[in-house]
Amino acid sequence: MSDYVTRQIDGGAPRSPPATAARAMPALLHLLHLPMTRFVVRRTAYALLSLFLLSLTIFFFVRVTGDPAMLLVEPGASPDDIAAIHHQFGLDRPLWVQYWLFMSSLFHGDLGQSFYYQTPVMGLYLSRLPNSIELAAAAMLFSLVIGIPAGILAAVNVGRFWDSIGKLFTLLGLSMPSFWVGLLMILLFSVYLGWLPSSGAGTPWHLIMPAFALGWYFAAAHMRLTRSSMLEVLGSEYIKLARIKGLPQTLVIAKHAFKNALIPVLTLAGINLVLMINVAVVVETVFAWPGIGRLLYEGIAFRDFPVVQGVVIMGGAMIVTVNLLIDIVYALIDPRIRLGS
Amino acid sequence: MSIPAEIARRSSPLAAVRKVRMRDYPVIPLAILGIVTLVAIFANQLAPHNPEVGILTARFKPPFWQHGGSTEYLLGTDQLGRDVLSRLIFGARISMVVGFTAVIFAGALGTFLGILSGYLGGWVDQVVMRLTDTWLALPALTFAIFLAAIVGPSMWNIVIILGVTYWTRYARVIRGEVLALKEREFVRLAIVAGCSKWTIMRHHILPNVINSAIVLGSLMLGVVIIAEATLSFLGVGVPPPQPAWGLMLSDGKQGLMVGYWWLTVFPGLGIMLLVLSANLLGDWLRVKLDPQLRQL
């Protein structure tokens, strides 16, 4: 170590000390005491705890609210049949053993077997996922293309005509159930005008109505945030300076304010994209869009319990992971977060 | 105006009335909510027909102003010949009952846990907050669908499911407020005076957070009404033949492609008006009752 230090003082080329095992250990320990590492470790532990509680909740609800075997057999099945099913699915074993088996298969990526399709739930889920991502991406694009310009327009014209129009758009987006928007669109564009296909997937035309129905709510949320974020930025000192310098309004807004106002909106959009993948169930049902929401609906309709359970677990896992990643990225960018908590 | 006259004017009993001007009130949302509430209460007197029994020979009748419609069925009939207007009227009752009871249930649960978590701190706080985080990590609607699918459809099941799904927001906000409140003088004095933790929570903390709970409740009402409609639309909510608006929309799909628009437009309009009013009222209450929540 002293050798290393002297060379540094002498102005020699800085070189890292030889990494022997004996020296790596304190370095690792040192790393553990860094605020960032501590933050990541703690936040990951919380995320794992969330996932554990989620699995426990789902497991618990399924067993407490009724006998899963009853979901499998026809009404009026004999006690022998029910007992056979119990044995087949291990439902006659102690609860903690059942939970252990449930968890260990989860860790192997096994979500069980679909009752209806007789194939692994994971395979079904993965085969539907690309469609859901496609729909969510289109809805996201729509919500940003509408939401961000509308938010800027409203922020620049606070209290005036365009702000009121924006408020109305937001209010309607938050107040109309997405499936009703979808049904009205089918009525108008498929039944009366005959312009767009009412259901299914395959062409870009199929994507327009579901993306709009799903995206409106989020467009409203993005518009609200863009507006308030723009207002905050427009009130800041550096914008005042830019104006005092005599820069034209469009330049101030487009170059100075817009970039900074966009950061929170894009963060929200990131979270919302994951949410869109997971909450599209009604829109996918209305338009018969073959995504995971539709899979969930079929699971309910066919009493295909492993499918329902699998979709909910995967959705929860996806959201917990994304939240964890966002927190870590935020802590990397903003030291107050990792030091503060 | 002279100063004494100004003081006299401001302290007169009429000052309070003057201060609250008519334009401060969200008149339209209050009127809509009031009308829907009255319709829900007097559904039996107002509905011209039985909402659950139809005449099969009178199926798919359009509203009275369209060709083929009659004043017998003002807003037309559905696929079983049931009167749409009567179903809408009784549907208002279901939406209001489910909406209000679910919001109150979620509010009571969330406020209770929020106060407990904020005031007691320590491991109680840890447990409640981890539970809240877990709950918030789930897509609420998907989780509600999951619960409804295993519990089975019934109106009261939906109330309980929506309650256990949507309590987290209350718990978060209320806990934050309690953390600030418990450092205040009056709470410290209560501790010095020897009040038990329970008494402090009930008599000193609860009255101070109830405003926030009401504001959150009014903002949640719209969310819960849409959630109920969604569950019913998917067939895991209020079971048929009850006239829930979401269920009516689901039934209306049968006539959608042949252009029976009244089965789709009217129930959705009902949901939209109700949720719109609830949201507007919530925004107004937020500004009036709780300036701290304006940023929400």
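Criteria and cut-off values
Residues numbered from 1 in each chain as written. Chains lettered and ligands numbered in written order. Predicted model: local features only at pLDDT ≥ 70, side-chain atom pairs only at ≥ 80, totals over all residues. Heavy atoms only, no water. Helix = DSSP H or I, 4+ residues; strand = E, 2+ residues; numbered from the N terminus. Buried < 20%, exposed > 50% of the residue type's maximum accessible area, 1.4 Å probe, protein only. Contact = heavy atoms within 4.5 Å. Areas by Shrake-Rupley, 256 points an atom, 1.4 Å probe, with all protein chains shown as cover. 1 Å grid on protein atoms, 1.4 Å probe; cavity = no way out; pocket = protein on both sides within 12 Å on 5 of 7 lines; lining within 4 Å. Points joined across faces, edges and corners; volume = space filled by probe spheres on them. Nonpolar A, V, L, I, M, F, W, Y, C, P; charged D, E, K, R; others polar. Salt bridge = Lys/Arg side-chain N within 4 Å of Asp/Glu carboxyl O. pLDDT = per-residue confidence, 0-100. Phe/Tyr/Trp six-rings, centres within 6.5 Å; stacked < 30°, edge-to-face > 60°. Axes fitted to C-alpha atoms, helices over the stretch in contact; angles between N-to-C directions. Left-handed = near helix turned anticlockwise from the far one by under 90°. Buried area = accessible area lost by both parts, 1.4 Å probe. Parallel < 35°, antiparallel > 145°, perpendicular 65-115°, else oblique. Patch = residues over 30% accessible without salt bridge, like charges linked within 9 Å, V, L, I, M, F, W, Y side chains within 5 Å.

A word on the overall build of chain A. Scanning chain A from terminus to terminus reveals 16 helices and zero strands. Every one of the 341 residues in chain A was classed for burial, and the buried ones make up 42%. Long-range contacts, defined here as pairs at least 24 residues apart, represent 71% of the contacts in chain A between residues at least 6 apart. Accessible area of chain A: about 18,100 Å², with a carbon and sulfur share of 70%.

It is worth spelling out empty space enclosed by the protein at this point. Residue and element names in this part refer to chain B. Overall, the coordinates contain one cavity of 30 Å³ or more when judged by the stated rule. In this structure, the largest cavity occupies an estimated 60 Å³ of space. Around the largest cavity sit D78, Q79, V84, R87, M248, D251, G252 and L263, which together line it. For the lining of the largest cavity, the secondary-structure elements that each account for two or more residues are helix 5 (84–120) and helix 12 (245–256). In terms of residue count, the dominant contributor to the lining of the largest cavity is helix 12 (three residues). Here the residues of the lining of the largest cavity are counted per class, giving three nonpolar, two polar and three charged.

Attention shifts here to the pattern of salt bridges. Residue and element names in this part refer to chain B. On inspection of all chains with the given rule, the structure shows 12 salt bridges over all chains. With a closest N to O distance of 3.0 Å, R82 and D78 form a salt bridge. The same class applies to R82 and to D78, which are both buried. Through salt bridges with shared partners, one network takes in D78, R82, R87 and D251.

What follows concerns unusual backbone geometry. Put simply, P240 of chain B and P241 of chain B share a cis peptide bond, and its omega is 10 degrees. With respect to the helices and strands, P241 of chain B occurs in the loop between helix 11 (197–234) and helix 12. In this structure, Q118 of chain A is a non-glycine residue whose phi angle is positive, near 60 degrees. With respect to the helices and strands, the residue Q118 of chain A is situated in the loop between helix 6 (95–107) and helix 7 (121–156). What makes Q118 of chain A exposed here is its relative accessible area of 56%. Positioned with a positive phi, A288 of chain A is a non-glycine residue whose angle comes to about 50 degrees. In this structure, A288 of chain A sits in the loop between helix 13 (281–286) and helix 14 (292–301). On the basis of relative accessible area, A288 of chain A is assigned to the partly exposed category, the value being 29%.

Regions with low pLDDT should not have their predicted coordinates read in detail. With 91% of its residues at a pLDDT of 70 or more, chain B has an overall mean of 84. Mean pLDDT values over the elements of chain B span from 54, in helix 2 (residues 14–19) of chain B, up to 92, in helix 5 of chain B.

Glancing now at the side chain of S175 of chain A. Structurally, S175 of chain A is set in helix 8 (residues 161–175). Not counting residues up to four positions away in its chain, the partners in contact with S175 of chain A are I226, M272, V275, L276 and N279 of chain B.

A separate point is the packing of aromatic side chains. According to the stated counting rule, one finds 18 aromatic pairs over all chains in the structure shown. With a centroid separation of 5.6 Å and an interplanar angle of 55 degrees, the aromatic rings of F212 of chain A and W216 of chain A are classed as tilted. With a gap of four residues between them, F212 of chain A and W216 of chain A both fall in helix 10 (residues 204–234), about one helical turn apart. Its relative accessible area of 27% is what places F212 of chain A among the partly exposed residues. Seen in terms of ring centroids, F143 of chain B and F146 of chain B are 6.0 Å apart; in terms of plane orientation they differ by 25 degrees. Their pairing is stacked. Here the residue F143 of chain B and the residue F146 of chain B both occupy positions in helix 7 (residues 140–151), the gap between them amounting to three residues, near one helical turn. Each member of the pair, F143 of chain B as well as F146 of chain B, carries the same accessibility label: buried.

Quick look at the packing of helix 9 (residues 178–192) of chain A against helix 10 of chain A now. Residue and element names in this part refer to chain A. Running from N to C, helix 9 and helix 10 point in directions that differ by 145 degrees, and their axes come no closer than 9 Å. Crossing handedness for the pair helix 9 and helix 10: right-handed. Between helix 9, through S178, V181, G182, M185, I186, F189 and S190, and helix 10, the contact on the second element is made entirely by M209, F212, A213 and W216. Class assignment for the residues of the contact of helix 9 with helix 10 results in eight nonpolar, three polar and no charged.

Quick look at the environment of P240 of chain B now. Within the secondary structure, P240 of chain B is located in the loop between helix 11 and helix 12. For the pair P240 of chain B and P153 of chain B, spaced 87 residues apart in sequence, the C-alpha separation works out to 9.3 Å.

The interface of chain B with chain A comprises 40 residues on the first partner and 44 residues on the second. Taken over both partners, the interface formed by chain B and chain A buries close to 3,800 Å², and the fraction arising from carbon and sulfur atoms is 81%. Linking chain B to chain A there are one salt bridge. D283 of chain B is paired through a salt bridge with R224 of chain A; the nearest N and O atoms lie 4.0 Å apart. Residue assignment for the side of chain B that touches chain A shows that the elements contributing at least two residues are helix 6 (122–137), helix 7, helix 11, helix 12 and helix 13 (262–289) of chain B. Broken down by element, the side of chain B that touches chain A gets its largest block of residues, 11 residues, from helix 13 of chain B. Residues that form the side of chain B that touches chain A fall into these classes: 28 nonpolar, eight polar and four charged.

Residues and elements named next belong to chain A. Running from amino to carboxyl end, helix 8 crosses helix 10 at an angle of 140 degrees, the nearest separation of the two axes being 8 Å. Classed by the angle they form, the pair helix 8 and helix 10 counts as oblique. The way helix 8 lies across helix 10 gives a crossing that is left-handed. Seen from helix 8, the contacting residues are D163, G166, K167, F169, T170, L172, G173 and L174; seen from helix 10, they are W216, Y217, A219, A220, M223, R224 and R227.

Turning our eyes to something else, we now look at a nonpolar patch on the surface. Residue and element names in this part refer to chain A. Taken together, the side chains of L153, F161, W162 and I165 define a hydrophobic patch exposed on the protein surface, amounting to about 400 Å² of accessible area. Broken down by element, the nonpolar patch gets its largest block of residues, three residues, from helix 8. You can see I165 is positioned in helix 8. Relative accessible area serves as the criterion here: at 37%, I165 is assigned to the partly exposed category.

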